[in-house]
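A look at the structure
Residues per chain, in single letters:
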Amino acid sequence: MPVIATNTASNTALRYLNLNSSQESGTLSKLASGSRIVKASDDAAGLAIGSRIQSDVTSLNQASTNSSQAQAILQIADGGLARIGDILQRMKALAVQSDSGTVTATERSYISSEFTELQSEIDTIASATRYNNQSLLDATAAFATAITFMVGTSTSDTIAVQVSSASASTLGVDSAAISVNGTGTSAAIAAISALDSAISTISQMRAGVGAIESRFEFQSETIATSTENLSAAQSVIIDADVASEKANLSSQDVKTQAAIAALTQANQMPQNLLSLLKS
């Protein structure tokens, strides 16, 4: 029924124009942001899953940093232990030299001078082997008790690191325990036995440090793989399919233009009806 008081056709065209414009704006937002979910109503469940995955990825990135720091600590500790091991080998050579029957007491005093300096150097290295200004190898080291590093997304994903003291007294080779000085070979013989034990201890400590370091290396690879896979999974849920959204934008643009044309035509209808009154 033709009327001029209520332009029903215009109202309908306007409704479709608003609808098409809203859809076109939503598609433009997705293309601009690169995300399929711009607001929660786009996909509430997908948003929740994507946010949880993003949280895991963020945690894994920090876990990777934690693992790298732990490896750095272990490498520094191993370097210090290696130097202490070298010193012990030299001290054993001096003890063997002192054990010779051809060495006089005077000569043993010369050997003892170097031997004593090396005993002090063990403590110096143990104290100076530091990470973040914390000694790693002396009796006061924070790592003398187990310290855990979180290397995953759960609080149970941890690896404990403990580095025992490698001071001269702990190894049983300090000046109070052994010496190569004196008129006989008895002191040197006792020193050789103590040094063999200390060398064995250092070897065990380095093996333990190496084993934990190897574990961290594999854990770092696992973290990298998990991060890659989770990021891919998040992309499937969150990221916009540009080709699909561009196709939607083209369709919505046509609909919007059609609605504008229809609204323009609908607004002309009352004017056309008025012409009936003029005839």
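Whatever comes next refers back to the structure up there.
Residues numbered from 1 in each chain as written. Predicted model: local features only at pLDDT ≥ 70, side-chain atom pairs only at ≥ 80, totals over all residues. Heavy atoms only, no water.

As a further point, take the overall build of the protein chain. Helix and strand counts for the protein chain stand at six helices and four strands. Listed by position from the N terminus, the elements making up the protein chain come as α-α-α-β-β-β-β-α-α-α. C-alpha atoms of the protein chain, sized along the principal axes, occupy 140 × 30 × 25 Å. Out of the 279 residues in the protein chain, the part that is buried amounts to 34%. The long-range share in the protein chain, meaning contacts at least 24 apart out of those at least 6 apart in sequence, stands at 76%. As presented, the protein chain carries roughly 15,200 Å² of accessible surface, and 54% of it is formed by carbon and sulfur atoms. Looking at charge distribution, the protein chain has the averaged site of its 15 positive side-chain charges lying 15 Å from that of its 24 negative ones. (Helix = DSSP H or I, 4+ residues; strand = E, 2+ residues; numbered from the N terminus. Buried < 20%, exposed > 50% of the residue type's maximum accessible area, 1.4 Å probe, protein only. Contact = heavy atoms within 4.5 Å. Areas by Shrake-Rupley, 256 points an atom, 1.4 Å probe, with all protein chains shown as cover. Lys, Arg positive; Asp, Glu negative; His and termini not counted. Charge placed at Lys NZ, Arg CZ, Asp CG, Glu CD.)

Our next topic: the packing of helix α2 (residues 44–98) against helix α5 (residues 186–238). For the pair α2 and α5, the least separation of the axes is 7 Å and the interaxial angle reads 165°. As the angle between them shows, α2 and α5 are arranged roughly antiparallel. For the pair α2 and α5, the crossing hand works out as left-handed. (Axes fitted to C-alpha atoms, helices over the stretch in contact; angles between N-to-C directions. Parallel < 35°, antiparallel > 145°, perpendicular 65-115°, else oblique. Left-handed = near helix turned anticlockwise from the far one by under 90°.)

A few words on the pattern of salt bridges. Taken as a whole and judged by the stated rule, the model has four salt bridges. Residues aspartate 78 and arginine 206 are paired through a salt bridge, measuring 2.8 Å at the closest nitrogen-oxygen approach. One end of the pair, aspartate 78, is in helix α2; the other, arginine 206, is in helix α5, and 128 residues separate them in sequence. Linking arginine 83 and aspartate 86 is a salt bridge whose minimum nitrogen-to-oxygen distance equals 2.9 Å. Placement of the pair is arginine 83 and aspartate 86 together in helix α2, with a separation of three residues, close to one helical turn. The exposure class assigned to aspartate 86 is partly exposed, which follows from its relative accessible area of 43%. (Salt bridge = Lys/Arg side-chain N within 4 Å of Asp/Glu carboxyl O.)

The next thing to look at is helix α3 (residues 105–128). The terminal C-alpha atoms of α3 lie 34 Å apart, and with 24 residues this matches the ideal 34 Å at 1.5 Å per residue to within 8%. Of all the residues in α3, the buried ones are Arg108, Ile111, Ser112, Phe115, Leu118, Gln119, Ile122, Ile125 and Ala126. (Expected span 1.5 Å × (residues − 1).)

Here we come to the environment of serine 35. Mapped onto the secondary structure, serine 35 falls in the loop between α1 (8–33) and α2. According to the relative accessible area criterion, serine 35 is buried, its value standing at 14%. The spatial distance from the C-alpha of serine 35 to the C-alpha of alanine 247 is 16 Å, given a sequence separation of 212 residues. Excluding anything up to four places from it in sequence, serine 35 contacts Lys30, Ile238, Asp239 and Ala240.

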